[in-house]
Amino acid sequence: MKPAPFDYVAPASLDEAVSAMATGGGDAKVLAGGQSLVPMLALRLARPTVLVDINRLPGLDGIREASGMLEIGALVRQRALERWAATRSPLFAEVLRQVAHPPIRNRGTVVGNVVHADPASELPALLLCLEGVVVARGPRGERMIPADRFYRAPLTTALAADELATAVRFTLPAAGAGWGFAEVSRRHGDFALVGAVAVLTRAADGAIARARLAFFGAGGTPMRGLPVEQALPGQAPTPALLAEAARAAAATLSPDGDIHATAAYRRQVAATLAERTLIAALARCGGTT
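Rules behind the numbers
Residues numbered from 1 in each chain as written. Predicted model: local features only at pLDDT ≥ 70, side-chain atom pairs only at ≥ 80, totals over all residues. Heavy atoms only, no water. Pairing = 2+ DSSP bridges. Helix = DSSP H or I, 4+ residues; strand = E, 2+ residues; numbered from the N terminus. Contact = heavy atoms within 4.5 Å. Axes fitted to C-alpha atoms, helices over the stretch in contact; angles between N-to-C directions. Core = buried A, V, L, I, M, F, W, Y, C linked by side-chain atoms within 4.5 Å. Buried < 20%, exposed > 50% of the residue type's maximum accessible area, 1.4 Å probe, protein only. Salt bridge = Lys/Arg side-chain N within 4 Å of Asp/Glu carboxyl O. Parallel < 35°, antiparallel > 145°, perpendicular 65-115°, else oblique. Left-handed = near helix turned anticlockwise from the far one by under 90°. Nonpolar A, V, L, I, M, F, W, Y, C, P; charged D, E, K, R; others polar.

A. Quick peek at the sheet that holds strand β13 (residues 208–216). If you walk across this open sheet you meet the 4 strands as β11-β12-β13-β14, and the pairing is antiparallel. The sheet is open, and its two edges are formed by β11 (178–184) and β14 (223–224), each paired on a single side. Sheet topology note: the strand β12 (residues 194–202)/β13 ladder contains 8 bridges and is antiparallel. When the bridges of β13 are listed, R202 appears paired with I208. Each of β11 and β12 touches helix α4 (residues 90–97); the most contacted strand, β11, lies at about 5 degrees to it.

In structure tokens, the structure reads:
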């Protein structure tokens, strides 16, 4: 199939891009990597009147780490972040290895993946787990949108129609923190049927100081495992405690059933994966189970 007709704009500056988005209103789309947008155009699932190509914009292709934050510009390819993470962040490296396949990651952008808001995608859940923010620019200036306020429904975010995301910022795990990541998919590179990512820190006495858990593929948006985050801090970690908290977190989910998996299956697997990620996170911050 071929896309419906649209106007193509290749702005030379961020201000020009913002102006083009404002002119297009709700019918404008941003082109960065295009790995999600182009197939939707071809199938006419997306019918923008204006396509704003930001690939020539300067200053959006950087990876910057400072003050416990990792900022990734809107033109950073997933493969570039994967290479960066190979020697700096095992968590990011592991998550990115599960995103589609290398040819997709070579072109697809991190920010584009986050903003596309597919509920089965890994990076939105990682952003939620790491208390990230999306940096948005529009006619009214720049604003920061926390991840837990960003996702509203499948493929729907808090970005206004005349805004574009210029970067995402992840809060890096504290020194000594442990992490866990797991997903179940039909084949490597497919969207996950369900997945989980967790980060734990421990206090000097061995008790859990802080816990963070996020699910993907288990609802219309990435979801936090609030029962885990509320129940674990201050507690001595035991296998029974982790398993109970994981089951409680999975019980709060409302996944959909489809031809690939029933809702009950997704909820059951979510509990198992949550427990596994918590055990792995505990082990990586010096604990045993």
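Past the structure itself, the notes keep going.
B. View of the sheet that holds strand β1 (residues 7–9). Pairing within the open sheet is parallel, and its 3 strands lie in the order β1-β3-β2. Looking at the sheet topology across the chains shown, the edges are occupied by β1 and β2 (28–31). Between one strand axis and the next, the sheet turns through 25 degrees on average, direction left out of account. Where β2 meets strand β3 (residues 50–53), 4 bridges bridge the pair, whose relative direction is parallel. For L31, the partnering residue across the bridge sits in β3 and is D53. Along the sheet face, helix α1 (residues 14–24) touches β1, β2 and β3 and points at about 170 degrees away from the line of β3.

C. Summary view of the nonpolar core. Core analysis: the largest hydrophobic core is formed by 57 residues, its most contacted members being L81, F92, L126, V168 and F170. The element best represented in this core is helix α7 (residues 122–129), accounting for 6 residues. Within the second largest apolar cluster, 28 residues are counted, among which are A196, V269, A281 and C285.

D. Seen up close, the pattern of salt bridges. Scanning the entire structure with this criterion turns up 17 salt bridges. A salt bridge links R169 to E71; its shortest N-O distance comes to 2.5 Å. One end of the pair, R169, is in strand β10 (residues 164–171); the other, E71, is in strand β5 (residues 69–73), with 98 residues separating them in the sequence. E71 sits in the buried class, given a relative accessible area of 17%. Of the charged contacts in the structure, one is a salt bridge between R212 and E131, with a shortest N-O distance of 3.9 Å. Of this pair, R212 sits in strand β13 while E131 sits in the loop between α7 and β6 (133–138), and the two are 81 residues apart along the sequence. Relative accessible area serves as the criterion here: at 8%, R212 is assigned to the buried category. Relative accessible area serves as the criterion here: at 34%, E131 is assigned to the partly exposed category. Salt bridges sharing partners connect three or more residues here, namely E131, D148, R210, R212, R224 and E229.

E. Quick look at the packing of helix α10 (residues 239–251) against helix α11 (residues 263–284). It is at 8 Å that the axes of α10 and α11 come closest, and there the two elements cross at 140 degrees. Of the possible angle classes, the one that applies to α10 and α11 is oblique. For the crossing formed where α10 meets α11, the hand is right-handed. Each of L242, A243, A246, R247, A250 and A251 in α10 lies in contact with α11, whose residues at this interface are R267, A270, A271, A274, E275, L278, I279 and L282.

F. A look at the packing of α4 against α7. Interaxial distance between α4 and α7 falls to 9 Å at its minimum, and their mutual angle equals 155 degrees. Taken together, the axis directions place α4 and α7 in an arrangement best described as roughly antiparallel. Crossing handedness for the pair α4 and α7: right-handed. Of α7, the residues touching α4 (which contributes L91, F92, V95 and L96) are E122, L123 and L126. Broken down by class, the residue content of the contact of α4 with α7 amounts to 6 nonpolar, no polar and 1 charged.

G. Structural context of the environment of L41. For L41, the position within the fold is in helix α2 (residues 37–42). Along the sequence, L41 and P3 sit 38 residues apart, while their C-alpha atoms lie 5.0 Å from each other. When residues no more than four places from it in sequence are discounted, the contact partners of L41 are K2, P3, A4, A46, P48 and L51.

H. Here's a closer look at the pairing of strand β4 (residues 63–66). Both β4 and β5 contribute to a ladder of 4 bridges, which runs antiparallel. Among the inter-strand pairings, E65 is bridged to a residue of β5, identified as L70. Hairpin connection, β4 to β5: the antiparallel pair is bridged by 2 residues, and S67 has positive phi, about 50 degrees.

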